[in-house]
Structures are given as structure tokens and as C-alpha cells.
Amino acid sequence: MAIIEAERLRKVFTRGQRLFGRKRSDAPVNVEAVRDLSFRIEPGEFVGFLGPNGAGKSTTIKMMTGILHPTSGRVTVDGLSPQADRVRLALRIGVVFGQRTQLWWDLPLRESFRILRAMYRVPPVDFRRRMEMLTELLGLDAFMDMPVRQLSLGQRMRGELAGALLHGPRVLFLDEPTIGLDVTAKAALRQFLRSLNAEVGTTVILTTHDMTDVEELCQRILVINQGTQVFDGSLAELHERVGMPSALRATFREPPDMSRLSDAGGRRSSPDIRVTVLEDGRTVHAEFNRLTCPAPQVLERLRAAGEIVDFSMQEPRLETIIQQFY
Ligand SMILES: Nc1ncnc2c1ncn2[C@@H]1O[C@H](COP(=O)(O)OP(=O)(O)OP(=O)(O)O)[C@@H](O)[C@H]1O
Ligand SMILES: [Mg+2]
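Criteria and thresholds
Counting starts from 1 at the beginning of each chain's written sequence and moves along it residue by residue. Think of it this way: whatever chain is written first is A, whatever ligand is written first is 1, and the rest follow in order. Only residues with pLDDT of at least 70 are given local features in this predicted model, and only at 80 or more are side-chain atom pairs given and counted; all residues enter the totals for whole chains, interfaces and linings. Side-chain calculation: all heavy atoms of the structure are included, whereas hydrogens and water are not. The helix count covers DSSP runs of H or I at least four residues long, the strand count covers runs of E at least two residues long, and both are numbered beginning at the N terminus. Under the scheme applied here, a residue whose accessible area is under 20% of the maximum for its type counts as buried, over 50% as exposed, and between as partly exposed, the area being computed with a 1.4 Å probe on protein chains only. Should DSSP find at least two bridges between two strands, the strands are regarded as paired. Near is defined per residue: the residue qualifies when any heavy atom it owns lies within 4 Å of the molecule or strand. Polar contacts, as counted here, are pairs of nitrogen or oxygen atoms within 3.5 Å of one another; within protein the pair requires one atom able to donate a hydrogen and one able to accept it, and residues that are adjacent in sequence qualify only if both atoms are side-chain atoms. Using the Shrake-Rupley algorithm and a 1.4 Å probe, accessible areas are obtained, with residue cover drawn only from the displayed protein chains. Residues are grouped as follows: Ala, Val, Leu, Ile, Met, Phe, Trp, Tyr, Cys and Pro are nonpolar; Asp, Glu, Lys and Arg are charged; every other residue, Gly included, is polar. In this description, a nonpolar core means a group of buried Ala, Val, Leu, Ile, Met, Phe, Trp, Tyr and Cys residues linked to one another through side-chain atoms lying within 4.5 Å.

## Details of unusual backbone geometry
Within the chain, Arg8 stands out as a residue other than glycine whose phi angle is a positive 45 degrees. Phi at Glu176 is positive, roughly 55 degrees, even though this residue is not glycine. With respect to the helices and strands, the residue Glu176 is situated in the loop between strand S6 (171–175) and helix H6 (183–200). With a relative accessible area of 16%, Glu176 lands in the buried category.

Printed below as a string of C-alpha cells:
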């Protein structure tokens, strides 16, 4: 049985409009943040919930966690309605919003956990066992007694995760948990989430704008745009659909002779590389699909046009990949 089921989920926000140069008007404006969104998520899945800014990701997460009421449509999480059974559901889900905190700002981290334990009525034995595991896996020891407001972003995020998992939820909702973290902190967080999903079997729903999060974590990807679903499948399937748009820049010693551009086999045509010579006349910007033409091959082809003295890669960005849908 699916652990999350959304059926034609819709959310319309209404806000008062302020008209320029006139008195405030009461004419409301409707924003359809989510429209006709249907999906099923099975227990144990790790799902990336992707889409451009304003696509409706956070709004959907808020409807799945009971913070917002859908305008129409239906959603159940672990068999419960997030709205009608909000309190019961809270015991079965964990929620982390990267931009907000559920911890107590002025209290030591340890105290926040004690409060959460009481709120969620976690039996002492379970609490001790989970706290031990989370402290070790997330390395909380070093800052357990510091007030939350003094924690670095990475430390706080580890604390948030522990707080969201203390009651052993079956589903974990993460809305941009890696935002603002450095590379090391992101890697540690991913490692933790991977083992949580693999070993404990927790279902994870993750929104992110970070390509590496998706590559390393998400078995399945749901892409939404303007509130509606445009893709549902694996990362490999996503790449099959839209390719893997990458770019590199190469600087030549002399202005390159573009007529000599050839591929590795010595042929002149380069159907899967798009090349632009920049204003300085010596730098070339090449766009290509990493799946059909890997970067070394692109460089090899460019080399035919002259001596390359410098180059840099631009990794495919999630935004660029997702933009291919519209
Ligand atoms: N409380 C609200 N009142 C009015 N409009 C809202 C409200 N919350 C969200 N919206 C609007 O709904 C749309 C979807 O917003 P949402 O926050 O769900 O996007 P998102 O996919 O999470 O984007 P991001 O990647 O920027 O976090 C946006 O147009 C936003 O302005
Ligand atoms: Mg959001």
C-alpha cells in the first residue's frame, strides 16, 4: 500500500491586490500554486521533489504535512488525512524546512530534544536508543550544550534532523535541507540520509535545487512546474528525456581556426556540440550533451582548432536540466 497518495491536489492562494497609483483595491488575485497534482509514493522510497522557484513544491509539502489545507483534491499520508488527523500524523512524520527552525532558539540543543521527547511522548527506552544513534551519526556531541542560536548553519541542520527523527517517524519531509551548507556538511548530511533510508527504511521526500543531492540520493524524481507534474521517473530516465546539458570553456593560445573543428574520428561535423567564440576571439564556449559526447571528447575535438592553454568545466545545473521541460 502506498504511504503517500495525492489525488488531483489543488491549492489556490487568494491575496488582496494593491493597484499602483490608486487607493488600495480589494479585488483579490488568485494564485494557483498547485493544480491537479496526483502521485503515489511507496514505503521506503527516496523521492526528489524538484522544480523551479515558485513551482509549488513547498506548498505541496505543507499540504502533505497538514500545515495547509488543499483547496480541492485529496491527500493521505500513512493512511491519515494530514488535515483531519494532524495530531496523529505528527507522530508518524518528521519535517525539516531548511529556512526555518523547530528548535528552541535560546535553549541548549539538548533541552530542545527533551521538549520534543515530551511533546511526542517518546518512551524513555526509545528516546535513549535513538538519541544515541543520532548523536553518533550526526556528530552532535560537540555542540549538544550550546544554545541553538549559537550553532553554525551546518550544526543547526544536524540538530534539526535529529529533532525531526526523535520519535522515529515513518516519513521524513525535507524542504531544502542542504541550502547554504558547505561541501563537507552537505556530504555528511547526504551520508546520513542515505543510511536512514537504507537501514531504517524511512521514506524520504526531499526538495532541493542541488544536482548532487539528486544524483546521490533520489531513486525517483518528481518534477513539477507551475503547480503541475511534468515528470515522474528515475534520474536515468530524466537524462534520457532531456539529456545532460553541460558546458566548458577553452582558451586558445591563438584565435582558433573553427573550420578545423573535428570529432575524435577526424570527421569535421560536430552535431552534438554547440560552439560559440567569445568576444576576445580566443575563448570558446562549448555546450554539449555529456551523455552522447563526454567532456574529454569535446576537448579532443576543440584541440583540432588550435592549442588550448586553459579550460574550465561548467557542471550541468539542475535548473538547466529542468528548464528543458518548458
Ligand atoms: N501563503 C501564500 N500566499 C500567497 N501565495 C503563496 C503563498 N505561499 C506560496 N504562494 C505562491 O504559490 C506559488 C508556489 O510557491 P511555493 O513556495 O510552493 O514554491 P516552491 O516550489 O517551493 O519554490 P522555491 O523553489 O522557491 O522554494 C508561488 O507563486 C508563491 O508566490
Ligand atoms: Mg520552496
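Picking up where we left off.
## Overview of the pairing of S6
Counting buried positions along S6 yields five of five residues, so the element is predominantly enclosed. Of the two faces of S6, the one carrying Val171, Phe173 and Asp175 and the one carrying Leu172 and Leu174 are both buried. Note that strand S5 (residues 93–97) and S6 share five bridges and pair parallel. Paired with Val96 across the bridge in S6 is Leu174. Bridge analysis of S6 against strand S7 (residues 203–207) gives five bridges, and the strand direction is parallel. Counted as the bridge partner of Asp175 is Thr207 from S7.

## Here we look at the site of ligand 1
Around ligand 1, 14 residues are found, and the nearest of them are Asn53, Gly54, Lys57, Ser58 and Thr59. At 2.9 Å, a backbone N or O of Gly56 approaches an oxygen atom of ligand 1. Glu176 places a polar side-chain atom, nitrogen or oxygen, 3.4 Å from an oxygen atom of ligand 1. Computed on the free molecule, ligand 1 has an accessible area of 640 Å², of which 66% lies beneath the protein chains in the complex. Of all elements in the fold, only strand S1 (4–16), strand S2 (28–41) and helix H1 (57–64) reach the threshold of two or more residues within the shell around ligand 1. It is H1 that provides the largest number of residues to the shell around ligand 1, a total of three residues. The residue inventory of the shell around ligand 1, partitioned by class, reads five nonpolar, six polar and three charged.

## Considerations on the nonpolar core
If you look at the biggest cluster of nonpolar residues, it comprises 47 residues, and the most contacted ones within it are Phe113, Leu161, Leu193, Ile221 and Leu238. Ile3, Ile4, Ile41 and Val47 belong to the second-largest nonpolar core, a separate cluster that totals 26 residues.

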